[in-house]
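Structural features, examined
These are the residues of each chain, in order.
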Amino acid sequence: MPLFAPADCPRLIVKIGSALLVDADGVRRDWLTGIAADIADRVRAGQQVAVVSSGAIALGARRLGLAKGGRASLEDAQAAAATGQIALSQVWAEVLGAQGLTAAQMLVTLDDLEDRRRYLNASATLDRLLALNVVPVINENDSVATAEIRFGDNDRLAARVAQAAGATGIILLSDIDGLYDRNPDLPGAMHIARVERIDAAIAAMADRGSASGMGSGGMVSKIEAARIACGAGVALVIASGRVDRPLSTAARHTLFVPEKRARARKAWLAGRLTARGTIVVDAGAAQALAAGRSLLAAGAIAVHGAFFRGDAVTIEGPAGPIARGLSEYDAREALKLLGRRSEEHGEILGYAPRSALVHRSHMVLL
Ligand code: GLU
């Protein structure tokens, strides 16, 4: 079970389903207190942890007395989410606070993680929060997202968040301890402990609909999340949250083995994006990049092309192309920063600068 060992996964995303957080009496505070203690243990052991928390709709629907768990209409779901989210964040702030941890709330929509500029923003914020040892608590911004721009389920949201946060592991906690070869209620259903490749046979095993009827995911969206995660080089575990300290209990689970990370990242950058421009760098910067560093403006000597923040650019050294990555700046701004030290950037730009021209977490060496 490598994923459960903190040392193997410097950044972890834990996704918690609605049925674990809320029951007929409201928030399951005792359980939450337990998982907050689990998270605190991991943070103390040096792991950075972000939580993707469902439960806003379920909680809000209870408070407002809405039918069908608040899912009778989109308006109901949005009103329930708006009501439930504020209570949910309060509970998270309290239970994490009791462990000496600081919680931060991030509400995101599909667009925030698919649009490349906004993806960089979300990514930089997550990176900063995690580096500060704050625990981001993330949910979909259900109260404004309409059907067309919703993730709809937090399983896929967790997979996208993991990508944006540069995490290498995801644990999906729900009311089931993993994938079964058929509906787990059927006699003879077999638990699958490890999935190397998500093929048609695996997809067919996913049973539609979640057992609790509270969340919106079910196994289908968990497999979809695993597909996104593994394709991005992130390991994903489906485990049961029906125990008191789920992150410190070595219980049965399903592990989805990721594709090799370097290859996955390269494919993502190479396949998804055509380079819109080139940043030429000096020999010193070329060396720094080869050592795994970010590209700083001080080492850049020329900018070609009309790219925008979030576009892919090729980075060229004295001996030719050396890397490809997402630019943190529009070409026009990058041009102004050429050869200038980071301390000068704020004044040149007139606003708080980014930490690099191309951050190492959005770059692959060619
Ligand atoms: N974002 C929804 C909520 O907070 C949950 C979505 C899901 O069920 O996965 O209630």
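Further up the page is the structure itself.
Residues numbered from 1 in each chain as written. Predicted model: local features only at pLDDT ≥ 70, side-chain atom pairs only at ≥ 80, totals over all residues. Heavy atoms only, no water.

Another aspect to go through is the sheet that holds strand 15 (residues 312-317). Spatially, the five strands line up as an open sheet ordered 14-13-15-16-17, and their pairing is mixed. Because the sheet does not close on itself, it has two edges, and the strands there are strand 14 (300-305) and strand 17 (363-365). Ignoring which end each strand starts from, the neighbouring axes of this sheet average 25° apart. As paired elements, strand 16 (residues 320-326) and strand 17 share three bridges and run antiparallel to each other. Note on strand 17: the bridge partner recorded for Arg-324 is Val-364. (Pairing = 2+ DSSP bridges. Helix = DSSP H or I, 4+ residues; strand = E, 2+ residues; numbered from the N terminus. Axes fitted to C-alpha atoms, helices over the stretch in contact; angles between N-to-C directions.)

Our focus in this paragraph is helix 7 (residues 154-165). In a regular helix each residue adds 1.5 Å, so twelve residues correspond to 16 Å; helix 7 covers 16 Å between its end C-alpha atoms and thus fits that length. Of all the residues in helix 7, the buried ones are Asn-154, Asp-155, Leu-157, Ala-158, Ala-159, Arg-160, Val-161, Ala-162, Gln-163, Ala-164 and Ala-165. Structurally, the start of helix 7 carries an N-cap: the backbone nitrogen of Asp-155 is 3.1 Å from a side-chain oxygen of Asp-153. Looking one or two residues beyond helix 7, the residue adopting positive phi is Gly-166, at roughly 65°. (Expected span 1.5 Å × (residues − 1). Buried < 20%, exposed > 50% of the residue type's maximum accessible area, 1.4 Å probe, protein only. Polar contact = N/O pair within 3.5 Å; in protein donor to acceptor, adjacent residues only side chain to side chain.)

Here the focus is the packing of helix 7 against helix 9 (residues 218-231). The N-to-C vectors of helix 7 and helix 9 enclose an angle of 15°; their axes lie 7 Å apart at closest approach. Considered as vectors, helix 7 and helix 9 are oriented roughly parallel to each other. Helix 7 and helix 9 meet at a crossing whose hand is right-handed. In this structure, helix 7 uses Asp-155, Arg-156, Ala-159, Arg-160 and Gln-163 to contact helix 9, whose residues at the interface are Gly-218, Ser-221, Lys-222, Glu-224, Ala-225, Ile-228 and Ala-229. Residue composition of the contact of helix 7 with helix 9, grouped by class: four nonpolar, three polar and five charged. (Parallel < 35°, antiparallel > 145°, perpendicular 65-115°, else oblique. Left-handed = near helix turned anticlockwise from the far one by under 90°. Contact = heavy atoms within 4.5 Å. Nonpolar A, V, L, I, M, F, W, Y, C, P; charged D, E, K, R; others polar.)

Time to look at the sheet that holds strand 6 (residues 135-140). The mixed open sheet is built from eight strands, whose spatial order is 5-6-4-1-7-11-12-10. Looking along the sheet, the strands with just one partner apiece sit at the ends: strand 5 (103-108) and strand 10 (194-195). Looking at chain direction, strand 1 (residues 11-16) and strand 7 (residues 169-174) are connected through five bridges and run parallel. Among the inter-strand pairings, Lys-15 is bridged to a residue of strand 7, identified as Leu-172.

Time to look at the pattern of salt bridges. Side chains that carry opposite charge are capable of pairing whenever their charged atoms lie near each other. A full pass over the atoms with the stated rule returns 17 salt bridges. The partner of Lys-15 in a salt bridge is Asp-155, and the shortest N-O contact between them spans 2.9 Å. Residue Lys-15 is found in strand 1, and its partner Asp-155 is found in helix 7; the two are separated by 140 residues along the sequence. With respect to class, Lys-15 is no different from Asp-155; both count as buried. (Salt bridge = Lys/Arg side-chain N within 4 Å of Asp/Glu carboxyl O.)

Counting 48 residues, the largest nonpolar core has Ile-13, Ile-170, Leu-179, Leu-236 and Phe-256 as its most contacted members. Counting 36 residues, the second largest nonpolar core, distinct from the first, contains Leu-20, Ile-35, Ala-56 and Ala-87. (Core = buried A, V, L, I, M, F, W, Y, C linked by side-chain atoms within 4.5 Å.)

For the rest of this paragraph, the subject is the pairing of strand 1. With six of six residues buried, strand 1 is to be regarded as a mostly interior element. Here six bridges tie strand 1 to strand 4 (residues 48-53), and the two strands are oriented parallel to one another. By the bridge assignment for strand 4, Lys-15 is matched with Val-52.

Contact geometry for helix 2 (residues 29-44) and helix 4 (residues 74-97): axes closest at 8 Å, N-to-C directions at 55°. Relative to helix 4, the element helix 2 is oriented oblique. In terms of crossing hand, the pair formed by helix 2 and helix 4 is right-handed. Together, Arg-29, Leu-32, Thr-33, Ile-35, Ala-36 and Ile-39 of helix 2 and Val-91, Trp-92, Glu-94, Val-95 and Leu-96 of helix 4 make up the contact between the two elements. Taken together, the residues of the contact of helix 2 with helix 4 sort by class into eight nonpolar, one polar and two charged.

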